[in-house]
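Per-entry structural report
The residues making up each chain are set out below.
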Amino acid sequence: MIVAFRTFLTRLLTHPVLILGAIAALFFGAAFLSGGTVAILGFLMLNILLAQSMNLLTGIAGQISLGHAGFYGMGAYASGILMKTVGLPFVVTVPMAAMIGALTGYLLSFPAGRVREFYLAMMTLAFGLIFREVVREWDGLTGGAVGLSGVPSTTLRNLIVFGYTLDGLDYFRLILIVTAIVMWLVHNFIQSRYGRAFYAIHASEVAAGCLGIPRAGTKQMAYTLGAGMAGLAGGLYAHMIGYLGPESFDLARSIEVLVTTVVGGLGSMAGQIMSAIVFTFLPEKLQVFAQYQFIVYGLILAFTLILLPRGLAGLLLLPPRFIKPSSLRQAVVADVAIRPVQTDRDAALVVQGVTMRFGGLTAVDDVSLELHPGRITALIGPNGSGKSTLVNVISGIYTPNAGSVRFFGETITGLPDHRIAASGLLRTFQDPRLVPRFTVRENLLLGAHRRYRSSALAATLGLPSAAREEAGFLGTVEAVTRMAGISDVLDQPLESLPYGYRRLVEVGRALLAEPRAILLDEPAAGLSEAEMTLLARMIRAMKEAGLMVLLIEHHMDFVAELVDDVVVLDSGRVIYHGDIGGMRQSPEVIAAYLGTAETEHA
Ligand code: ADP
Ligand code: MG
């Protein structure tokens, strides 16, 4: 019942006819409204822009901004000063406001690669506070605490664009069109590999990195775009009332934008519109509480988080999706799930003298290995023997204390994880790390991220070339899901599925990245018999395609019928490397592992 209602409302609100109809109704209908109402609708558009900007940054990319009013203010003062003092035209100053906002976001997020979200959030807070003080102190440029008056604007009837003096109605129409276009672009962006990458960074930076998604670059892109949109909103604001005062860009304003976004529902573009409507009209009704503004916002936020953790959108709408329906319709199932890789005799992966210590504990101790393409090697050993740590070192999550790793002749020791993934070395995790809110299809498509060639601009503009490329990968997704035996759950959110699916999806996702080598950390743990058969089929297909496979596994039966070689670790040291028959005879292996393992796990 509730689902049916949400489905209906979502279809209705996202229907192109309704959207275009609403824009047209506002565009033409505004002529019949009073000047005051039109002005409020203009502010509504700006609030929508700000909420969309915060949503992209926080709701999608999971980064927090506590200084959004600062980006907004940068744009407002930039456009205001450039026009009033320098005399540049509107068509130049407003795009510059967006660019200055974007540049600010870009510079602020520079430490993104080295620090956690919390730190960046503090940076934005500091920026917001400093911005306001600078505006107050820099009298000559900004008018200081008194404010900057006389900015060409519709209120003063001196905003001239291409020789035409804009009035309030014209200006509202202009803001409406700009808002609609920006939202269309953002929507395209979110439903592209970039939006999925933003959300992947949000869910797990480590997992994203291991799929070839650069975490620092992605976070920085989010700040740049979010701040750019806020700057644009500021630029448009500057010419509405002809006066800019520092109090319009203080911490309260930043908090207001954040609260709007949370109430709307993080991640939902439609939710942001609903919430922007509430927060544009609510403050007027709440005039009486003016001095308790923070308390009111605090209470609204607390009640939302308790009663509607996913905001208005979570209550009324279906969760947002990250693939364009039009690309889905274009997809044709691919013939091959795993494209064969060129193999030569040389070793794929050479690990030399790798040692990894955690404080006093040596987790991996002087390990040397040579693994070849087209072969499956099992990595076994008791719990805590350093198997996962070795995989973490190879895949670039840890930099070893000593030793080196070479992949097809190239030294990859110490490279960031996304660079290693980009060279074709993929991995899965002992604890599956997927995007729980993504559907199976979206999760799998994430794996193909590093293979896209079309640009962010092409995706944002929704160009056919970008759509075709997406459709191509969607075809491969279907081929992989057939092989993995999970075609029937393609459009289910991963969080709604039983555990076994997560393992299969994670392995499939790594395959979408078209690996030359794959490291599987206990992929069979928690799988049913039937699921293990599906997994074995996938692993064999990898071998046939010429991939190098390293498989960490405890089930000896599973290992025995699948692998070519076995490496046994004990307390971080390699105690055996050879075929499985030899391993069963090895006294060291029996003493360290088999004696207990075969009875425990059989
Ligand atoms: P396995 O995968 O073979 O069960 P691990 O590689 O996970 O073993 O762990 C090997 C040893 O290293 C264990 O003693 C574990 O506690 C320790 N270890 C693993 N990761 C860390 C870490 N990030 N910090 C400290 N100790 C760790
Ligand atoms: Mg482990």
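Residues numbered from 1 in each chain as written. Chains lettered and ligands numbered in written order. Predicted model: local features only at pLDDT ≥ 70, side-chain atom pairs only at ≥ 80, totals over all residues. Heavy atoms only, no water.

1. Regarding the sheet that holds strand β10 (residues 425-427)
- On the basis of which strands lie adjacent, the open sheet formed by 6 strands has the order β10-β11-β12-β7-β13-β14 and mixed pairing. At either margin of the open sheet sits one strand with a lone partner, and together these are β10 and β14 (573-578). Averaged over neighbouring strand pairs, the angle between their axes works out to 15° when direction is ignored.
- Relative to strand β12 (residues 548-552), strand β7 (residues 376-380) is paired through 4 bridges, and the arrangement is parallel. Each bridged residue has a counterpart across the sheet, and for threonine 377 the counterpart in β12 is leucine 550. (Pairing = 2+ DSSP bridges. Helix = DSSP H or I, 4+ residues; strand = E, 2+ residues; numbered from the N terminus. Axes fitted to C-alpha atoms, helices over the stretch in contact; angles between N-to-C directions.)

2. What about the environment of leucine 176?
- Tracing the sequence through the fold places leucine 176 in helix α8 (residues 168-190).
- The sequence separation of leucine 176 and methionine 123 amounts to 53 residues, and the corresponding C-alpha distance is 32 Å.
- Sequence-distant contacts of leucine 176, defined by excluding residues within four places in its chain, comprise Ile23, Leu26, Phe27 and Met45. (Contact = heavy atoms within 4.5 Å.)

3. Focus: the coordination of the magnesium ion (ligand 2)
- Binding of the magnesium ion (ligand 2) to the protein goes through Ser388 (OG) and Gln430 (OE1), at separations of 2.1 Å. Within this pair, whereas serine 388 is found in helix α17 (residues 387-394), its partner glutamine 430 is found in the loop between β10 and α19 (440-447), the two being separated by 42 residues in sequence.
- Residue classification places glutamine 430 among the partly exposed positions, given a relative accessible area of 34%. (Donors = N, O, S within 2.8 Å, 3.2 Å for Na, K, Ca; no water. Buried < 20%, exposed > 50% of the residue type's maximum accessible area, 1.4 Å probe, protein only.)

4. Concerning the site of ligand 1
- Taken together, Phe358, Leu361, Ala363, Pro382, Asn383, Gly384, Ser385, Gly386, Lys387, Ser388, Thr389 and Tyr398 are the residues near ligand 1.
- Serine 385 has a polar backbone atom sitting 3.2 Å from an oxygen atom of ligand 1.
- Interatomic distance of 2.9 Å between a side-chain N/O atom of serine 388 and an oxygen atom of ligand 1.
- In isolation ligand 1 has 550 Å² of accessible area, and contact with the protein removes 63% of it.
- Only β6 (361-371) and α17 provide two or more residues apiece to the shell around ligand 1.
- If you tally residues by element for the shell around ligand 1, the top one is α17, at 3 residues. (Near = heavy atom within 4 Å. Polar contact = N/O pair within 3.5 Å; in protein donor to acceptor, adjacent residues only side chain to side chain. Areas by Shrake-Rupley, 256 points an atom, 1.4 Å probe, with all protein chains shown as cover.)

5. A word on the domain arrangement of the chain
- Here the chain is partitioned into domain 1 (2-322) and domain 2 (349-594).
- Contacts between the two partners involve 27 residues from domain 1 and, on the opposite side, 31 residues from domain 2.
- Both faces considered, domain 1 and domain 2 share a buried interface measuring about 2,700 Å² in area, 62% of it formed by carbon and sulfur atoms.
- Its largest share of buried area at the contact with domain 2, domain 1 owes to Arg193, Arg196 and Leu211, together 27% of the area lost on that side.
- Where domain 1 touches domain 2, the interface holds 4 salt bridges.
- A salt bridge links aspartate 417 to arginine 215; the shortest N-O distance between them is 2.3 Å.
- Applying the counting criterion to the domain 1 and domain 2 interface returns 11 residue pairs in polar contact (both at pLDDT 80 or more).
- Listed by contribution, the elements that provide at least two residues to the side of domain 1 that touches domain 2 are α8, α9 (193-203), α10 (205-209) and α11 (215-241).
- The leading source of residues in the side of domain 1 that touches domain 2 is α9, at 7 residues.
- For the side of domain 1 that touches domain 2, the per-class residue count stands at 16 nonpolar, 6 polar and 5 charged. (Domains from an automatic or database assignment. Buried area = accessible area lost by both parts, 1.4 Å probe. Salt bridge = Lys/Arg side-chain N within 4 Å of Asp/Glu carboxyl O. Nonpolar A, V, L, I, M, F, W, Y, C, P; charged D, E, K, R; others polar.)

6. What about the sheet that holds β6?
- As summarised here, the arrangement of the 4 strands in space is β6-β5-β8-β9, forming an open sheet in which the pairing is antiparallel. For this open sheet the edge positions go to β6 and β9 (410-411), each flanked by a neighbour on one side alone.
- Pairing of strand β8 (residues 402-407) with β9 involves 2 bridges; the strand directions are antiparallel. Bridging from a neighbouring strand, phenylalanine 407 pairs with glutamate 410 of β9.
- Here α17 sits on the sheet and contacts β5 (349-358), β6 and β8; the angle it forms with β5, its principal contact strand, is near 115°.

7. Considering the side chain of serine 192
- Mapped onto the elements of the fold, serine 192 is located in the loop between α8 and α9.
- Taking the relative accessible area as the measure of exposure, serine 192 reaches 6% and is therefore buried.
- For serine 192, the side chain forms a polar contact with the main-chain oxygen of phenylalanine 189, separated by 2.7 Å.
- Leave out the neighbours within four places in its chain, and serine 192 touches Phe322 and Ala459.

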